[in-house]
Amino acid sequence: DRRSRGSKRTSGFDMAPPGAAVVTGTTPGQLPGITQPVPGVFSM
Amino acid sequence: CSRLHNKPTISPTLLLSNMYQRPDMATPGMDLNGQTMDQKKIQEHFEDFYEDMFEELSKYGEIESLNVCDNLADHMVGNVYVQFREEEEAAAALKALSGRFYAGRPIIVDFSPVTDFREATCR
């Protein structure tokens with residue numbers, strides 16, 4: 001190794017932005033983090 | 001600058017736009033929390049980045065040259081230029097890197113017309 005350092009730190013490659021995990025898995029057209037209203041139930 | 005900045009359809013050189021972000025990009029010599037940064041730390045940060053680049057890019061072919069702009073001006077800030085020996089290697093790297101992330105930011109990759117970096121400077 002050209003530098004006398006300990007273990008190699010992890011590469012920055014494939015480091016997804018924070019919040020990217022929230023976007024994946026949602027139904028198209030549905031905003032993430034917004035729960036669908038339940039019919040017949042009023043919220044006050 | 002009077003150069004034509006066209007994007008070739010194939011080239012041994014790739015341009016990765018705005019890849020490198022200096023840790024002291026807001027204020028030279030200071031980190032984002034306003035703490036004074038050691039020149040050695042900044043250099044080390046740069047070398048880590050360079051190492052990441054070299055390691056990843058050498059998976060796709062033989063690297064002829066690897067240039068990282070660590071300037072602080074707006075013009076081509078953080079641009080990474082990588083020249084492979086063969087056009088096909090650059091094409092493979094372009095395909096492999098498109099749509100991926102580096103340090104939480106998307107990788108913007110394109111072919112670059114530059115093949116001789118000594119001649120490439122815009123004046």
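Structure shown above.
Residues numbered from 1 in each chain as written. Chains lettered and ligands numbered in written order. Predicted model: local features only at pLDDT ≥ 70, side-chain atom pairs only at ≥ 80, totals over all residues. Heavy atoms only, no water.

Caption draft 1: Examining the overall build of chain B more closely. Counting secondary structure elements, chain B contains two helices and six strands. Across chain B, helices and strands are ordered from the amino to the carboxyl terminus as β-α-β-β-α-β-β-β. In terms of overall size, chain B behaves like a compact globule, its C-alpha atoms giving a radius of gyration of 15 Å where 123 residues would be expected to give roughly 14 Å. Counting only residues that meet the buried cut, chain B has 40% of its 123 residues in that class. Contacts spanning at least 24 positions in sequence make up 63% of the contacts within chain B whose residues lie at least 6 apart. Of the side-chain charges in chain B, 12 are positive and 21 negative, and the distance between the mean point of each set is 3 Å. (Helix = DSSP H or I, 4+ residues; strand = E, 2+ residues; numbered from the N terminus. Rg over C-alpha atoms; globule rule 2.2 N^0.38 Å. Buried < 20%, exposed > 50% of the residue type's maximum accessible area, 1.4 Å probe, protein only. Contact = heavy atoms within 4.5 Å. Lys, Arg positive; Asp, Glu negative; His and termini not counted. Charge placed at Lys NZ, Arg CZ, Asp CG, Glu CD.)

Caption draft 2: Just the sheet that holds strand β6 (residues 108–112) of chain B, in detail. Residues and elements named next belong to chain B. Here four strands make up an open sheet; going across it, the order is β2-β3-β1-β6 and the pairing antiparallel. Single-partner strands in this sheet number two, and they are β2 (63–68) and β6. With strand direction ignored, the average angle separating the axes of adjacent strands in the sheet is 20 degrees. Sheet topology note: the strand β1 (residues 13–17)/strand β3 (residues 80–84) ladder contains four bridges and is antiparallel. What sits directly across from Leu-16, in β3, is Val-80. Contacts from helix α1 (residues 39–57) reach β2 and β3 within the one sheet, and its direction differs from that of β2 by about 150 degrees. Most of the contacts of helix α2 (residues 87–97) go to β6, to which it runs at about 165 degrees, and overall it touches β1, β3 and β6. (Pairing = 2+ DSSP bridges. Axes fitted to C-alpha atoms, helices over the stretch in contact; angles between N-to-C directions.)

Caption draft 3: Region of the structure containing α2 of chain B. Residues and elements named next belong to chain B. Within the sequence span of α2, burial applies to Glu-89, Ala-90, Ala-93, Leu-94 and Leu-97. Down the axis of α2, the smallest arc covering the buried residues is 140 degrees, so these residues share one side. Away from the buried face of α2 by more than 90 degrees, exposed residues Glu-88 and Lys-95 are located. The inward-facing, buried residues of α2 contact β1, α1, β3 and β6. Just downstream of α2 lies Gly-99, where phi reads positive at about 80 degrees. (Arc of directions from axis to C-beta.)

Caption draft 4: Quick look at the nonpolar core. Counting residues in hydrophobic clusters, the biggest one holds 23 residues, and the most contacted among them are Leu-14, Met-19 and Met-53 of chain B. When neighbours within four sequence positions are excluded, Met-53 of chain B is seen to be in contact with Phe-13 of chain A together with Met-19, Leu-66, Val-80 and Tyr-102 of chain B. (Core = buried A, V, L, I, M, F, W, Y, C linked by side-chain atoms within 4.5 Å.)

Caption draft 5: Region of the structure containing the packing of aromatic side chains. Residue and element names in this part refer to chain B. This structure, assessed with the given rule, holds five aromatic pairs over all chains. Measuring from centroid to centroid gives 5.2 Å for Tyr-20 and Phe-46, while their planes differ by 90 degrees, and the two rings are edge-to-face. One end of the pair, Tyr-20, is in the loop between β1 and α1; the other, Phe-46, is in helix α1, and 26 residues separate them in sequence. Phe-46 matches Tyr-20 in its accessibility class, with the two residues each being buried. A centroid spacing of 5.5 Å and a plane angle of 90 degrees characterise the contact between Phe-49 and Tyr-102, whose relative ring orientation is edge-to-face. One end of the pair, Phe-49, is in helix α1; the other, Tyr-102, is in strand β4 (residues 101–102), and 53 residues separate them in sequence. (Phe/Tyr/Trp six-rings, centres within 6.5 Å; stacked < 30°, edge-to-face > 60°.)

Caption draft 6: Here's a closer look at the environment of Gly-61 of chain B. By the element assignment, Gly-61 of chain B lies in the loop between α1 and β2. Excluding its chain neighbours within four sequence positions, the residues that come into contact with Gly-61 of chain B are Phe-84 and Glu-89 of chain B.

Caption draft 7: Looking closely at the interface of chain A and chain B. Contacts between the two partners involve twelve residues from chain A, matched on the other side by 17 residues from chain B. A combined buried area of about 1300 Å² lies between chain A and chain B, and 48% of that area is made up of carbon and sulfur atoms. On the surface where chain A and chain B come into contact, there are one salt bridge. Asp-14 of chain A is paired through a salt bridge with Arg-100 of chain B; the nearest N and O atoms lie 2.7 Å apart. For the pair chain A and chain B, the number of links is five residue pairs in polar contact (both at pLDDT 80 or more). Among the residues forming the side of chain A that touches chain B, the class breakdown is four nonpolar, two polar and six charged. (Buried area = accessible area lost by both parts, 1.4 Å probe. Salt bridge = Lys/Arg side-chain N within 4 Å of Asp/Glu carboxyl O. Polar contact = N/O pair within 3.5 Å; in protein donor to acceptor, adjacent residues only side chain to side chain. Nonpolar A, V, L, I, M, F, W, Y, C, P; charged D, E, K, R; others polar.)

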